[in-house]
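Examining the three-dimensional arrangement
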Amino acid sequence: MPGWLAGWAMAAAATLQPAALGALLSARLIGRPLPWNRRVGCGVVAIAAAGLAGDMLLAALALGAGDEAPFAGTLWLSLTATHAGLLRLAAVPAVLVLWFDCVRQPDGRPGWPGCLAALAMLLARAAGGHVADAVDPLAALTVHGLHLSAIALWSGSVLAAALAGWRSSAAPAGLARRLSTLATTTLPVIALTGALNWQRMQPMVGLWRWHGYPLWLSVKLGAALAALALGAWNRWRHLPNDDTAPMPDAAAFWRILRLEALLLALTLLLGARLGASAPGA
Amino acid sequence: MLSSLSTRLLLMLGLAMPLAASAHAVIQRAQPAADTVVAAPHMVRIDFTEPLEPAFSSIVVRNAQGQPVTADKAAVPSDAPRSLTLVLPPLPAGSYQVEWRTLARDGHRTGGNYRFKVR
């Protein structure tokens, strides 16, 4: 597999995890207005598990490229003898806890054990990549863990609403308002932790050339800002003050929300690509 | 309220956080150095800018005919996680190429090569 394709395939697999985990956490936080059931919950956990498995396999493929060693050996070594591999292995019991918790819950929304497992998986993802070689890994992990968790919550809630909520929500205005509140709460965290991550990358800025890392970072920021503008527009233009009131133009609201979901999925994809890219490249 | 508290906590964390040079592993120093003429070295040692993953980091030294001069594997010393060493047999005079590949702890692969001569 060509290097550029491997990089994007790994990013796509890595995107599935925060998207699915954010959707699961938001299903718990938003509650009843977001239509959800056990089948949907288990399906979303399966997406997170598929993302984790894809991440493991693609990382081993990339590490073994050009070597004659059998793939199974490279896979085992990549999982047991590298920092990133051990983090991926640590996420396996967490995904199992999440699965059993969603199966156990009557409405398929994760309970506290499942939510903690989802947060542990997000932290494990945040601990790989550039955090691993920071001067103060604990501070870097705290900042990036908060950043990834907040972006996952925002994106996951919008994706879940765009995919599952728009047709069947009994109270669309209530769902829209809770989505908006969740986004508003996560935004200061995303902005501040993003700024701190930027501060951590400053020593490398002098090495940047205008492709790869800085280009993707710019597109990511642009997509996030566009999603933010769409969300704000949707709230002020289409959301009634009363949760029980009918929405004046519900079709337009959900159309804009789906566009916001696409932009947030792009933001997650580019975030995952940045995590697997050398800043100086 | 929650946002305001999280803002304050994050600002405090930001002030306390030292700057970190997150990057891929690039050579900081090599012995023997590139394009030098040296007496037969006992080992090649390359110091990188980032901690390395020993399982996926390697050095191969080839003679002028392209043959590896040793079947031994490179190692990352336990007290120097940013260094990669390869013990060499006695090398006759000639030109040698050092080929290195690393996997940094942040998951980035880098590689390269350079030459040195033994007098």
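Residues numbered from 1 in each chain as written. Chains lettered and ligands numbered in written order. Predicted model: local features only at pLDDT ≥ 70, side-chain atom pairs only at ≥ 80, totals over all residues. Heavy atoms only, no water.

Comments concerning the confidence of the model for chain B
All names here are of chain B. Overall, the predicted model of chain B reaches an average pLDDT of 83, with 80% of residues at or above 70. Within chain B, the lowest mean pLDDT, 44, falls on helix α1 (residues 2-16), and the highest, 96, falls on strand β5 (residues 83-87). Low pLDDT (under 50) marks residues 1-22, which in the prediction has 40 contacts with non-local residues, meaning those over four places away or in another chain. In the model output, the complex is listed with pTM 0.83 alongside ipTM 0.73. (pLDDT = per-residue confidence, 0-100. Helix = DSSP H or I, 4+ residues; strand = E, 2+ residues; numbered from the N terminus. Contact = heavy atoms within 4.5 Å.)

What about the pairing of strand β6 (residues 94-103) of chain B?
Residue and element names in this part refer to chain B. Of the strand pairs in this sheet, strand β4 (residues 58-62) and β6 are connected by five bridges, and their pairing is antiparallel. Bridging from a neighbouring strand, Ser58 pairs with Arg101 of β6. Where β6 meets strand β7 (residues 109-118), ten bridges bridge the pair, whose relative direction is antiparallel. Residue Trp100 lies in a different strand from β7, and its bridge partner there is Gly112. (Pairing = 2+ DSSP bridges.)

So, the nonpolar core
Soluble, globular proteins show a tendency: their nonpolar side chains are buried together. In this structure, Leu34, Trp36 and Leu98 of chain A are the most contacted members of the largest nonpolar core, which totals 61 residues. What Leu98 of chain A contacts, discounting residues up to four positions off in sequence, is Leu21, Leu24, Val45, Pro110, Gly114, Ala117, Ala118 and Met121 of chain A. Counting residues in each nonpolar core, the second largest holds 22 residues, with Ala30, Val44, Ala74 and Tyr114 of chain B among its members. (Core = buried A, V, L, I, M, F, W, Y, C linked by side-chain atoms within 4.5 Å. Buried < 20%, exposed > 50% of the residue type's maximum accessible area, 1.4 Å probe, protein only.)

Considering the packing of aromatic side chains
Aromatic ring pairs are reported here in terms of the distance separating the ring centres and the angle at which the planes meet. All names here are of chain A. According to the stated counting rule, one finds four aromatic pairs over all chains in the structure shown. Note on Trp8 and Trp216: the rings are 5.3 Å apart at their centroids and 75° apart in plane angle, and the pair reads as edge-to-face. Taken as a pair, Trp8 in helix α1 (residues 3-30) and Trp216 in helix α8 (residues 213-238) lie far apart in primary sequence, 208 residues in all. The ring of Trp8 carries Arg273 above its face, with NZ or CZ at 5.2 Å from the centroid. (Phe/Tyr/Trp six-rings, centres within 6.5 Å; stacked < 30°, edge-to-face > 60°. Lys NZ or Arg CZ within 6 Å of the ring centre and 35° of its normal.)

With respect to unusual backbone geometry
Residue and element names in this part refer to chain B. Geometrically, the link from Gln31 to Pro32 is a cis peptide bond, its omega value of -5° lying close to zero. Residue placement: Pro32 occurs in the loop between β1 (27-31) and β2 (37-38). The phi dihedral of Asp35 is positive, around 60°, even though this residue is not glycine.

A closer look at the packing of helix α3 (residues 71-80) of chain A against helix α4 (residues 83-104) of chain A
Residues and elements named next belong to chain A. Packing of α3 against α4 brings their axes to within 5 Å, and their N-to-C directions diverge by 85°. By the criterion of interaxial angle, the relationship of α3 to α4 is roughly perpendicular. Facing Ser78, Leu79 and Thr80 of α3, the residues of α4 in contact are Gly85, Leu86, Arg88 and Leu89. Grouping the constituent residues of the contact of α3 with α4 by class yields three nonpolar, three polar and one charged. (Axes fitted to C-alpha atoms, helices over the stretch in contact; angles between N-to-C directions. Parallel < 35°, antiparallel > 145°, perpendicular 65-115°, else oblique. Nonpolar A, V, L, I, M, F, W, Y, C, P; charged D, E, K, R; others polar.)

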